[in-house]
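Take a look at the letters that make up each chain.
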2 protein chains.
Amino acid sequence: MASRLVLTSWLNQMVNLSKKAKTQRVAATADKLDTKQKILAAAETEFMTRGYDGSRMQAIADRAGLNKAMLHYHFRSKDELFEQIFRDKASLLFPKAHEGLRAHTNFIEFTCGFVDMYLALLNQHPYLPFYMLQVATANAVLFSQVAADFPVKFVRAFTAAAKAGQIRDHDPQQFLLSLVGMCMWPFIGKNMIQHNLGLSDAVFATLLEQRAAEVKRYVVLLLTPEARAATRKKS
Amino acid sequence: MASRLVLTSWLNQMVNLSKKAKTQRVAATADKLDTKQKILAAAETEFMTRGYDGSRMQAIADRAGLNKAMLHYHFRSKDELFEQIFRDKASLLFPKAHEGLRAHTNFIEFTCGFVDMYLALLNQHPYLPFYMLQVATANAVLFSQVAADFPVKFVRAFTAAAKAGQIRDHDPQQFLLSLVGMCMWPFIGKNMIQHNLGLSDAVFATLLEQRAAEVKRYVVLLLTPEARAATRKKS
DNA sequence: GTCTATATTATGATAGAC
DNA sequence: GTCTATCATAATATAGAC
């Protein structure tokens, strides 16, 4: 119960990170940054949906209700504008793993809480994963500048929990790969999935709502020490 | 045993599809299409790694050891060149589900076989998933022209197997989502994963080798009717 | 079929008035 | 700070000689 509270507050913090940051920035500098914010918002939409190469400064200007010259006044170049947005977004998708990972008393509970919160985050920012992947693929140098400490710390906590007998022994990296894949894939592959299964937006939304339960079922099933019945290999 | 043979031949066919097709084409038209093949090969590399917007006709020409004019001679425009390659590649990632899905006698065995073969396919064409996702995102019209009958047929076979009591009852779409996500994510997220976990190419390759066993473990664990112990929901 | 040279347009970026 | 007008260049595409 106590760990649950700590966990929830940490994970919620992670979800609300950007919203808070934006509000602070706007409030602090009054209306002078209004235009800058408009540009950032427009650029965000453009870059997130079309990627760097597919985005046009003209399109960003149109979307912001301004002209191209204003973009270059507030941000020297397309690159600079892109990088500023990238750093904001990276800190969203790659939250810092502070106390959360150490505060848990039950690793399975912690992981289930993480799934809930991370899927909530992705629902708020559905384009984020694919956008980050595009950067990771197209601009390795830029991408390497953002650090995510969560994965490494998660693997360590997993290993510790396994040693303590709290969870079934397993390859932590493979587990993390499965976990992240299960969470991110519906957002990354939305268009492909909808087309291949012939799903309307409404049906797909329902699928997303039920996603957390599905992933958590996998977590419990795989990690619970007792549930070891049918796990012998096939080939 | 018999079903295993049918299964394997069908799945192997799917993996070898493009290799066969290419050989046939080259052999059929002798050396006249040599240049065209060079262009296609160069364009494939370029488009697959940089996407449509990031690719340059000049870069393709350089890679093929030709000049830009030749690209426009053999293919009217960048769009046409791109679309030709896209259709080839789509048929690779979206194999036709012929007899395979009906020939199985055990759905879990079939699914495990599918995982093996599909991961082998992805290992041969690691850029394929991300490339297809880029098209699905950037050019919905083009993407909608390729059809994948596998997902729908898989869902039907799943439902039938569940009704027959061969597998545990479960949402087939959620299962497919998890299955595909677990298979594709390491290829889609390679750069991000390696960076976030600090993995060398060699270590990551090892991770990929062990991937099939991990995914199959999940399949068996989730679908085996008896293994129903710890599946109650959490929240 | 293949090349060089060139046309045409799109796009990022800047100059300068207000 | 914001705008209009313009520059400079990069990229797709074509013309025409060989």
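## Focus on the overall build of chain A
Helix and strand counts for chain A come out as 14 helices and 0 strands. Listing the helices and strands of chain A from first to last along the sequence gives α-α-α-α-α-α-α-α-α-α-α-α-α-α. In chain A, which comprises 235 residues, the proportion classed as buried is 51%. A separation of at least 24 residues holds for 74% of the contacts in chain A among residues at least 6 apart in sequence. Accessible surface, chain A as shown: approximately 10900 Å² in total, 54% of it carbon and sulfur.

## Comments concerning the packing of aromatic side chains
The description of two aromatic rings rests on the distance between their centres and on the angle between their planes. Applying the stated rule across the entire model yields 32 aromatic pairs over all chains. The side chain of A:Lys78 reaches across the aromatic face of A:Tyr52, ending 4.3 Å from its centre.

## Some remarks on the interface of chain B and chain A
How big an interface is tends to be expressed through the accessible area that disappears when the partners come together. Contacts between chain B and chain A engage 62 residues on the former and 62 residues on the latter. Across the chain B to chain A interface the summed buried area is about 5700 Å²; carbon plus sulfur atoms make up 68%. One can count 0 salt bridges joining chain B with chain A. Across the chain B-chain A interface, the total number found is 12 residue pairs in polar contact (both at pLDDT 80 or more). Residue assignment for the side of chain B that touches chain A shows that the elements contributing at least two residues are helix H2 (34-54), helix H7 (107-124), helix H8 (128-138), helix H10 (150-163), helix H11 (172-188), helix H12 (190-197) and helix H14 (211-223) of chain B. At 13 residues, the largest contribution of residues to the side of chain B that touches chain A is made by H11(B). For the side of chain B that touches chain A, a count of residues per class yields 32 nonpolar, 18 polar and 12 charged.

## Brief notes about the protein's contact with DNA strand C
In the vicinity of DNA strand C, 15 residues are found, and the nearest of them are A:Arg56, A:Lys78, B:Thr35, B:Asn67 and B:Met70. A:Lys68 is positioned such that a nitrogen or oxygen atom in its side chain is 3.4 Å from a base nitrogen of DNA strand C. Residue A:Lys78 places a main-chain N or O atom 2.8 Å away from a phosphate oxygen belonging to DNA strand C. It is helix H4 (residues 68-74) of chain B that provides the largest number of residues to the surface near DNA strand C, a total of 4 residues. Residues of the surface near DNA strand C, tallied by class, amount to 6 nonpolar, 6 polar and 3 charged.

## Observations concerning the protein's contact with DNA strand D
Taken together, 16 residues lie around DNA strand D, and A:Thr35, A:Met70, B:Arg56, B:Lys68 and B:Lys78 are the ones closest in. Counting only the atoms of DNA strand D within 4 Å of the protein, the fraction contributed by sugar and phosphate is 64%. Contact distances for DNA strand D include 2.9 Å between a sugar or linking oxygen and a side-chain N or O atom of A:Asn67. For the surface near DNA strand D, the residue count by class is 6 nonpolar, 6 polar and 4 charged.

## As for the packing of helix H14 (residues 211-223) of chain A against H14(B)
At a minimum axis separation of 11 Å, H14(A) and H14(B) run at an interaxial angle of 95°. Taken together, the axes of H14(A) and H14(B) are roughly perpendicular relative to one another. Contact with H14(A), carried on its side by A:Glu214, A:Tyr218, A:Leu221 and A:Leu222, involves B:Glu214, B:Tyr218, B:Leu221 and B:Leu222 of H14(B) and no other residues of that element. For the contact of H14(A) with H14(B), the residue count by class is 6 nonpolar, no polar and 2 charged.

## So, the pattern of salt bridges
All names here are of chain B. This structure, assessed with the given rule, holds 16 salt bridges over all chains. Where Asp149 meets Lys153, a salt bridge forms, and the shortest distance between an N and an O atom there is 3.6 Å. You can call Asp149 partly exposed: its relative accessible area is 21%. In this structure Lys153 comes out as partly exposed when scored by relative accessible area, which is 33%.

## So, the relation of the copies chain B and chain A
When chain B is fitted onto chain A, the two copies agree to an RMSD of 0.1 Å after a turn of 180° and an axial shift of 0.0 Å. When the rotation and shift are considered jointly, the pair of chain copies conforms to a two-fold rotation axis.

## A short note on the environment of A:Val115
All names here are of chain A. Tracing the backbone through its elements, the reader meets Val115 in helix H7 (residues 107-124). When its relative accessible area of 0% is taken as the criterion, Val115 is described as buried. A sequence separation of 101 residues divides Val115 from Lys216, and the C-alpha atoms of the two residues are 7.0 Å apart. Residues contacting Val115, with those up to four places away along its chain left out, are Leu179, Cys183, Ala212, Val215, Lys216 and Val219.

## Examining the nonpolar core
In this structure, A:Phe154, A:Val219, B:Phe154 and B:Val219 are the most contacted members of the largest nonpolar core, which totals 151 residues. Contact partners of A:Val219, with chain neighbours within four places excluded, come to A:Ile108, A:Thr111, A:Cys112, A:Val115, A:Phe175, A:Leu179 and A:Thr224.

## Things to note about helix H5 (residues 78-93) of chain B
Spacing of three or four residues puts side chains on the same side of an α-helix, whose turn is 3.6 residues. All names here are of chain B. The end-to-end C-alpha distance of H5 is 22 Å, a good match for the 22 Å that 16 residues give at a rise of 1.5 Å each. Here H5 has its buried residues at Lys78, Leu81, Phe82, Ile85, Phe86, Lys89, Ala90, Leu92 and Leu93. Seen along its axis, H5 keeps its buried residues to an arc of 160°; they face one direction.

Rules used in this analysis
- Residues numbered from 1 in each chain as written.
- Chains lettered and ligands numbered in written order.
- Predicted model: local features only at pLDDT ≥ 70, side-chain atom pairs only at ≥ 80, totals over all residues.
- Heavy atoms only, no water.
- Helix = DSSP H or I, 4+ residues; strand = E, 2+ residues; numbered from the N terminus.
- Buried < 20%, exposed > 50% of the residue type's maximum accessible area, 1.4 Å probe, protein only.
- Contact = heavy atoms within 4.5 Å.
- Areas by Shrake-Rupley, 256 points an atom, 1.4 Å probe, with all protein chains shown as cover.
- Phe/Tyr/Trp six-rings, centres within 6.5 Å; stacked < 30°, edge-to-face > 60°.
- Lys NZ or Arg CZ within 6 Å of the ring centre and 35° of its normal.
- Buried area = accessible area lost by both parts, 1.4 Å probe.
- Salt bridge = Lys/Arg side-chain N within 4 Å of Asp/Glu carboxyl O.
- Polar contact = N/O pair within 3.5 Å; in protein donor to acceptor, adjacent residues only side chain to side chain.
- Nonpolar A, V, L, I, M, F, W, Y, C, P; charged D, E, K, R; others polar.
- Near = heavy atom within 4 Å.
- Axes fitted to C-alpha atoms, helices over the stretch in contact; angles between N-to-C directions.
- Parallel < 35°, antiparallel > 145°, perpendicular 65-115°, else oblique.
- Least-squares fit on C-alpha atoms with pLDDT ≥ 70 in both.
- Core = buried A, V, L, I, M, F, W, Y, C linked by side-chain atoms within 4.5 Å.
- Expected span 1.5 Å × (residues − 1).
- Arc of directions from axis to C-beta.

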